Amino acid sequence: MASRAAKERCDAGYGVGDTGLSVYLDFQDAIGNQGKNAIQDKYGNLFEMYEKITGINPYTQPMRIYPAGHYTMGGLWVDYNLMTTIEGLYAIGESNFSDHGANRLGASSLMQCSGDGYFILPNTIGDYLSADIRTGSIPTNGKEFEEAEEEVRERIQSIMNVGGKQTASSFHKRFGKLMWDYCGMRRDAEGLKKGLELLDQLEEEFWDNICVPGTTGELNQELEKALKVADFFEVGRLMCEDALQREESCGAHFREEHQTETGEAKRDDANFAFVAAWEYRGPKARPILHKEALKFEAVELKERSYK
Amino acid sequence: MDFTLKIWRQKNAEAKGSFQTYPLREVSPEMSLLEMLDYLNTQLIESGKEPVAFEQDCREGICGSCGLYVNGRPHGPARNTTTCELHMREFTDGETIVIEPWRAKAFPLIKDLVVDRSSFELIMLAGGFISINTGGAAEANSLPVSKINSDRSFAAATCIGCGACVAACKNSSAMLFAAAKIAQYALIPQGRTEARERVENMVRQMDDEGFGFCSNTYGCEFDCPKGISIDFIALMNREFFSAKVCGHKKTSD
């Protein structure tokens, strides 16, 4: 809620600093009441990091803050053993879908990374490998390998062949801004539909005007970037589609249409107590939604309130 | 701000490299050095030239990917700062900034400012882990750790493996890196079981990779972006000596 409020003030033109994209977080009173040492013990490393980035001492001047997206809040579907729909391919930590609330910061990432890697995977991957232990090494000149290699080679070549004028970073920035504006901390049906349209347009423009210098037979970071950005359009579309079908507010998904009188997220447990698993159907085909019901036995679902 | 950049350009490990000069205008003092390079690269690409290859990932000083030798110092002039956290306000307007890759035999150059740091990975693979089955979480009181040791272990664990210590050393020694990775386990009970073979294996791997010996100039500590103390090298030496003297149970290879 604090993040949404910060963005709302900036959008309304009340932001501070050169860019107008920040609000003040002032520790003056907290330092006055608790003393500098108490604050230093709690937030010392964060304050240090802040000073390093901004060159401003947060003990004497208010901090300037603004929310930023840093995680997609979703990932590859996995079963209880952490295996994806591709047999033998496991996804752990932030690469798989996961359980979290409205925010997902370092601690929840670290928890999942440790939980998956330390406690689950050592017990489950061995089970898979045990059936495969005598298979031996698989030669890479098989039909599947050659097909996969050919497919990647074609994709790389098609990006190199565009010979446009715009850099991958520029498309990346425009993509990010688009997602932030239409599928960000607040979203509504109209905006999401608009976002989907704009994503299609941007993707079209990408394949028409991407510029990748250099060649393919060497380290080519621009090519790496371009290939990543090319994939983002698909992920971005999926995120918009998913946000559009979920007619409720829940966790980080805040739909303007579904909020309480005080501006809190309003869930619809009768219709949306499920995890959305989208089945990939190929590059141009629409994905299919599979609903995995969330069943709560020990606790009952309630409205989240910190009041 | 306006700068003159002298950047090491080299197509690949075999090609001959050289410094190229690039004037760059209207750089914001709020840009990090990497953002300044992004800005330069955009201009290079748009004028049909090849951008400068450099490594980066998190851009918040915790991943250890970025490492550039700036004006003769690993990660540039600011103390306790990675290249991505180095901002242009640290430089003066009109300055000439010289940017080079890490130079060390054990870090072969791949392209421009990118070097291959697999040798660090190999040192880690030689023993930078604890190979016990964890099972359920143990009763915390069964493994007491003193506050002093837990703090020291944590301080060692802040090493991000960027390689600045190697770049700072006249002998291209990786001892600060190896020492930090050995110390983070040596100081806690979970790491004691394999402590002796760990130190032997990691030191052997470090030597095999072609890193030099400690030059005792403290350059590594001075230029380490995480402020890792050279005391850990003393700890590693003690661990190594004790492993050599006391020996250890040979585990099957």
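The rules behind the values
- Residues numbered from 1 in each chain as written.
- Chains lettered and ligands numbered in written order.
- Predicted model: local features only at pLDDT ≥ 70, side-chain atom pairs only at ≥ 80, totals over all residues.
- Helix = DSSP H or I, 4+ residues; strand = E, 2+ residues; numbered from the N terminus.
- Buried ≥ 20, exposed ≤ 12 C-beta atoms within 10 Å, placed from the backbone.
- Contact = placed C-beta atoms within 7 Å.
- pLDDT = per-residue confidence, 0-100.
- Nonpolar A, V, L, I, M, F, W, Y, C, P; charged D, E, K, R; others polar.
- Domains from an automatic or database assignment.
- Core = buried A, V, L, I, M, F, W, Y, C linked by C-beta atoms within 7 Å.
- Expected span 1.5 Å × (residues − 1).
- Pairing = 2+ DSSP bridges.
- Axes fitted to C-alpha atoms, helices over the stretch in contact; angles between N-to-C directions.
- Parallel < 35°, antiparallel > 145°, perpendicular 65-115°, else oblique.

Draft legend 1. Representation of the overall build of chain A in the model. Along the backbone of chain A there are nine helices and four strands. Listing every helix and strand of chain A by position from the N terminus yields α-β-α-α-β-α-α-α-α-α-α-β-β. Viewed in the frame of its principal axes, chain A has a C-alpha envelope of about 70 × 55 × 40 Å. The proportion of buried residues among the 307 residues of chain A is 13%. Restricting to contacts in chain A with at least 6 residues of sequence separation, those with at least 24 account for 53%.

Draft legend 2. Quick look at the overall build of chain B. Summing up its helical and strand segments, chain B has nine helices and seven strands in all. By its C-alpha atoms, chain B is 60 × 40 × 35 Å across when sized along the principal axes. Contacts in chain B between residues at least 24 apart in sequence constitute 70% of all its contacts with a sequence separation of at least 6.

Draft legend 3. Structural detail: the confidence of the model for chain B. On average, residues of chain B carry a pLDDT of 93, and 95% of them reach 70 or more. Reported for the predicted complex are a pTM of 0.88 and an ipTM of 0.86.

Draft legend 4. Quick peek at the interface of chain B and chain A. The partner chain A presents 15 residues to the 16 residues of chain B that form the contact. Of all the secondary-structure elements, those providing two or more residues to the side of chain B that touches chain A are α1 (33–46) and β6 (109–111) of chain B. Ranked by residue count, the leading element in the side of chain B that touches chain A is α1(B), at three residues. A breakdown of the residues in the side of chain B that touches chain A according to their chemical character gives five nonpolar, six polar and five charged.

Draft legend 5. Focus on the environment of A5(A). Relative to the elements of secondary structure, A5(A) occurs in helix α1 (residues 2–11). Measuring from C-alpha to C-alpha, the distance between A5(A) and H172(A) comes to 26 Å, with 167 residues separating the pair along the chain.

Draft legend 6. Region of interest: the environment of G17(B). Residues and elements named next belong to chain B. Tracing the chain through its elements places G17 in the loop between β1 (3–9) and β2 (18–24). In this structure G17 comes out as partly exposed when scored by C-beta crowding, with 16 C-beta atoms within 10 Å. Sequence separation of G17 and L109 is 92 residues, and the distance between their C-alpha atoms is 10 Å. Sequence-distant contacts of G17, that is, excluding residues within four places in its chain, are made with W8, R9 and Q10.

Draft legend 7. Structural context of the domain arrangement of chain B. Residue and element names in this part refer to chain B. Each domain of chain B was delimited in the assignment, giving domain 1 (3–110) and domain 2 (117–133 + 140–246). When each unit is reduced to the centre of its C-alpha atoms, the spacing between domain 1 and domain 2 is 28 Å. Taken together, the contact pairs 18 residues of domain 1 with 17 residues of domain 2. Partitioned by chemical class, the residues of the side of domain 1 that touches domain 2 number eight nonpolar, seven polar and three charged.

Draft legend 8. Examining the nonpolar core more closely. Residue and element names in this part refer to chain B. Formed by 62 residues in total, the largest nonpolar core has its most connected members in C165, L176, A178 and A179. Among the elements of the structure, β1, α1, β3 (69–70), α2 (118–125), α4 (164–168), α5 (175–186), α7 (195–208) and α9 (231–246) are those that each provide at least two residues to this core. The element that contributes the greatest number of residues to this core is α5, accounting for ten residues. A domain split of this core shows at least three residues from each of domain 1 (3–110) and domain 2 (117–133 + 140–246).

Draft legend 9. Structural detail: helix α5 (residues 143–162) of chain A. Residues and elements named next belong to chain A. Helix length check: α5, at 20 residues, gives a terminal C-alpha distance of 29 Å against a target of 28 Å (1.5 Å per residue), a fit within 8%. By the criterion of burial, α5 is predominantly exposed, with just one of the 20 residues buried. Two residues or fewer past α5, G163 is found with a positive phi of approximately 60°.

Draft legend 10. Local environment of the sheet that holds strand β5 (residues 96–100) of chain B. All names here are of chain B. Here five strands make up an open sheet; going across it, the order is β2-β1-β5-β3-β4 and the pairing mixed. At either margin of the open sheet sits one strand with a lone partner, and together these are β2 and β4 (73–74). Pairing geometry for β3 and β5, over two bridges, is antiparallel. Looking at the pairing, Y69 lines up with E100 of β5.

Draft legend 11. Fine view of the pairing of β5(B). Pairing of β1(B) with β5(B) involves four bridges; the strand directions are parallel. Across the sheet, residue T4(B) finds its bridge partner in β5(B), namely T96(B).

Draft legend 12. How the structure looks around the packing of helix α6 (residues 168–182) of chain A against helix α7 (residues 189–209) of chain A. Residues and elements named next belong to chain A. Contact geometry of α6 with α7 gives a least axis separation of 9 Å together with a crossing angle of 170°. It follows from the interaxial angle that α6 and α7 lie roughly antiparallel. Within the contact between the two elements, α6 uses F171, R174, F175, L178 and Y182 and α7 uses G191, L192, K194, G195, L198, L199, L202 and F206. Split by residue class, the contact of α6 with α7 holds nine nonpolar, two polar and two charged.

Draft legend 13. Looking closely at unusual backbone geometry. All names here are of chain B. Although it is not a glycine, E26 adopts a positive phi angle of roughly 55°. Relative to the helices and strands, E26 is located in the loop between β2 and α1. A tally of 7 C-beta atoms within 10 Å means that E26 is categorised as exposed.

Draft legend 14. Structural view of the packing of α7(B) against α9(B). Residue and element names in this part refer to chain B. Where α7 contacts α9, the two axes come as close as 9 Å, and the packing angle between them is 110°. It follows from the interaxial angle that α7 and α9 lie roughly perpendicular. Between α7 and α9, the contacting residues are A195, R196, V199, E200 and V203 on the first element and M236, E239, F240, A243 and C246 on the second. Along the lines of polarity and charge, the residues of the contact of α7 with α9 split into seven nonpolar, no polar and three charged.

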